[in-house]
Amino acid sequence: MIHKLECPVETIIHVLSGKWKPMILWNLIQSNKRFNDLEKLIPDVSQKMLSQHLRDLEQEGIIDRTVYPTVPPKVEYSLSEYGKTLIPVAEVMCAWGENHNKRKYEESAS
């Protein structure tokens, strides 16, 4: 999908919008995953939303979908080379989330 030039922050929000896309990205950083693996790692996501988010991320060029010619067919998802450029972004988001959780915990404990 081609968008008019927009703020870079708006762009990343658009690409990673949706409750589950950052979690999919984070799990694919660790290793390639099959659909069922992602379902187990993100238990609250519905099959419909997981499928939609995977399709969206594939269309944006963030992930690759590999279909192996086996019976039954084996499909694996991985970060594309372009998607790997998001690893530092995901790591910073993770660190920020850890610090935020720690801050909230310390506030509630005092």
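The present account deals with the structure reproduced in this document. What you see is a predicted model, and the numbers here were worked out from it, not measured in a lab.

Helix and strand counts for the chain come out as five helices and two strands. Reading the helices (α) and strands (β) of the chain from amino to carboxyl end gives α-α-α-α-β-β-α. C-alpha extents for the chain along the principal axes are approximately 60 × 35 × 25 Å. Across the 110 residues that make up the chain, the buried fraction comes to 27%. At a minimum sequence separation of 6, the contacts of the chain that also span at least 24 residues come to 46%.

I24, L54, I63 and Y77 are the most contacted members of the largest nonpolar core, which totals 20 residues. Those elements that provide at least two residues to this core are α2 (21–30), α3 (35–41), α4 (47–59) and β2 (74–79). Among all residues touching L54, those that are not within four sequence positions of it are I24, F35, L38, I63 and Y77.

Time to look at the packing of aromatic side chains. Inspection of the entire model under this criterion finds zero aromatic pairs. A cation over an aromatic ring shows up here: K74 above the ring of Y68, its NZ or CZ 5.1 Å from the ring centre.

This next bit is on the pairing of β2. Within β2, five of the six residues are buried, which leaves it mostly tucked inside the rest of the structure. Of the strand pairs in this sheet, strand β1 (residues 63–68) and β2 are connected by six bridges, and their pairing is antiparallel. Bridge pairing in β2 places Y68 opposite K74.

Quick notes on the rules
- Each chain has its residues counted from 1, following the order in which its sequence is written.
- This being a predicted model, a pLDDT of at least 70 is required before a residue's local features are given, and a value of 80 or more before pairs of side-chain atoms are given or counted; all residues contribute to the totals for chains, interfaces and linings.
- Side-chain descriptors were evaluated using all non-hydrogen atoms of the structure, hydrogens and water having been removed beforehand.
- Each helix is a run of DSSP H or I of at least 4 residues and each strand a run of E of at least 2, with the numbering of both proceeding from the N terminus.
- Here the term buried applies to any residue with accessible area under 20% of the maximum for its type, exposed to any over 50%, and partly exposed to those in between, with areas from a 1.4 Å probe on protein chains only.
- Throughout, a residue-residue contact means that at least one pair of heavy atoms, one from each residue, lies within 4.5 Å.
- Remark: nonpolar core denotes a set of buried residues (Ala, Val, Leu, Ile, Met, Phe, Trp, Tyr, Cys) joined through side-chain atoms within 4.5 Å.
- Any Phe, Tyr or Trp ring, taking Trp's six-membered ring, that has another such ring centre within 6.5 Å forms a pair; planes under 30 degrees apart are called stacked, those over 60 apart edge-to-face, and the others tilted.
- Any Lys NZ or Arg CZ that is within 6 Å of a ring centre and within 35 degrees of that ring's normal is treated as a charge sitting over the ring.
- A strand pair is defined by DSSP finding two or more bridges across the two strands.

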